[in-house]
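The chain contents come next:
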Protein chains: 2
Amino acid sequence: MKEKIAGTGLKVTHQRMVIYDAVLQMNFHPTVEQIYEDIQGENPSISLGTVYKTLETFVEYGLIDRVFTEEGVRRYDPNLEHHGHIYCTNTREIVDYYSEELNEIITGFFKKRKVNNLKIKNITLQINGDKIDPDKDITIK
Amino acid sequence: MKEKIAGTGLKVTHQRMVIYDAVLQMNFHPTVEQIYEDIQGENPSISLGTVYKTLETFVEYGLIDRVFTEEGVRRYDPNLEHHGHIYCTNTREIVDYYSEELNEIITGFFKKRKVNNLKIKNITLQINGDKIDPDKDITIK
DNA sequence: TTTCAAGTTAAGAATGATTCCTAAGTAATA
DNA sequence: TATTACTTAGGAATCATTCTTAACTTGAAA
Ligand SMILES: [Mn+2]
Ligand SMILES: [Mn+2]
Ligand SMILES: [Zn+2]
Ligand SMILES: [Zn+2]
């Protein structure tokens, strides 16, 4: 983890390691506030401003990703693999959705149908819906 | 247009007609502010708060759509057909992207691979990238 | 037509998420 | 250890969005 941060050219600080570690641990696409609260116990002196700045720095340097939900809420994603998101409007859960097959279908499609004059950075697929039974998980297949 | 609003059960007011009309006219996925500015000339008495509220009401009643860009900016979309969005990070343009073929591919995929415990409201596909020549258009195929 | 209840609006205040500022602190390097 | 560039805490500022409320409209009914 130290190496990951150093690898970008960023200085390795205590704050950055704590925040990076926290995001990696949290697999539910946390908000800034959730990350801030998570680290409060062990590191009460790290300020909210630092959490904001650090997370954006990480996104900028490609260490983590950022997602906006359908409602415009900013959430962070430690998972850099290319994957889709299922968003539940009532519980506000984000469930990762991987499918090699779907990836291939979509990238294959855009290989045929070329998008001109655009350097594609990423393609995101978001499935929005409501959980039917809020106590059960969303599962695929 | 009057009928469209009335059809939802909402009362037909001057403000709603003006705002609805403005959004339909604007095919570039405007922000709240852009819509507000657009109607200022003819209707300087319609307040910004009303524009906010009215647009959200329209979204709620299914008259228009709302999109968040990769940067989290709220933009409105009069186009209710199912379509994807190409977002250019440097010019902030949103280009609509229709493809019957891609629609079928994706919906077909999720027919096979069933998502359990979720009532799907919509599936959004967003292609993010940078325009290569900012003065030329983004075109497909 | 007139009346009336329910719904809508303008204006401005309030909120709240995010960004900015700056002086003090720290990491990397030699 | 000294130097430099970068980073941070804390708090202020910004700014998009929401809320509040009194006045006004709409649409339906009498
Ligand atoms: Mn947040
Ligand atoms: Mn806006
Ligand atoms: Zn994810
Ligand atoms: Zn569109």
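Residues numbered from 1 in each chain as written. Chains lettered and ligands numbered in written order. Predicted model: local features only at pLDDT ≥ 70, side-chain atom pairs only at ≥ 80, totals over all residues. Heavy atoms only, no water.

J.: Can you break down the protein's contact with DNA strand D residue by residue, with the values?
T.: Surveying the vicinity of DNA strand D reveals 14 residues, the closest of which are Thr13, Arg16 and Thr50 of chain A together with Lys11 and Tyr52 of chain B. Backbone atoms, meaning sugar plus phosphate, form 82% of the atoms of DNA strand D positioned within 4 Å of the protein. Note that a sugar or linking oxygen of DNA strand D is positioned 2.9 Å from one of the side-chain N or O atoms of Gln15 of chain A. Arg16 of chain A has a polar side-chain atom sitting 2.6 Å from a phosphate oxygen of DNA strand D. Breaking the surface near DNA strand D down by element, the ones donating at least two residues are helix 2 (14-25) and helix 4 (48-60) of chain A. Taken together, the residues of the surface near DNA strand D sort by class into four nonpolar, five polar and five charged. (Near = heavy atom within 4 Å. Polar contact = N/O pair within 3.5 Å; in protein donor to acceptor, adjacent residues only side chain to side chain. Helix = DSSP H or I, 4+ residues; strand = E, 2+ residues; numbered from the N terminus. Nonpolar A, V, L, I, M, F, W, Y, C, P; charged D, E, K, R; others polar.)

J.: So what's going on with the packing of helix 3 (residues 32-40) of chain B against helix 4 (residues 48-60) of chain B? Which residues, and what values?
T.: Residue and element names in this part refer to chain B. With their axes 10 Å apart at the nearest point, helix 3 and helix 4 run at an angle of 120 degrees to one another. Considering the angle they form, helix 3 stands oblique to helix 4. Seen from above, helix 3 lies across helix 4 with right-handed handedness. On helix 4, the residues touching Val32, Glu33, Ile35, Tyr36 and Ile39 of helix 3 are Leu48, Val51, Tyr52 and Leu55. Residue classes in the contact of helix 3 with helix 4 are distributed as eight nonpolar, no polar and one charged. (Axes fitted to C-alpha atoms, helices over the stretch in contact; angles between N-to-C directions. Parallel < 35°, antiparallel > 145°, perpendicular 65-115°, else oblique. Left-handed = near helix turned anticlockwise from the far one by under 90°. Contact = heavy atoms within 4.5 Å.)

J.: Residue-level account of the protein's contact with DNA strand C, with values.
T.: Of all residues adjacent to DNA strand C, which total 14 residues, the nearest are Tyr52 of chain A together with Thr13, Arg16, Thr50 and Lys53 of chain B. Sugar and phosphate atoms represent 82% of those atoms of DNA strand C found within 4 Å of the protein. For DNA strand C, a base nitrogen lies 3.4 Å from a polar atom in the side chain of Lys11 of chain A. Within the backbone of Val12 of chain A, a nitrogen or oxygen atom sits 3.1 Å from a phosphate oxygen of DNA strand C. Listing elements by their share of the surface near DNA strand C, those giving two or more residues are helix 2 (14-25) and helix 4 of chain B. Here the surface near DNA strand C is composed, by residue class, of four nonpolar, five polar and five charged.

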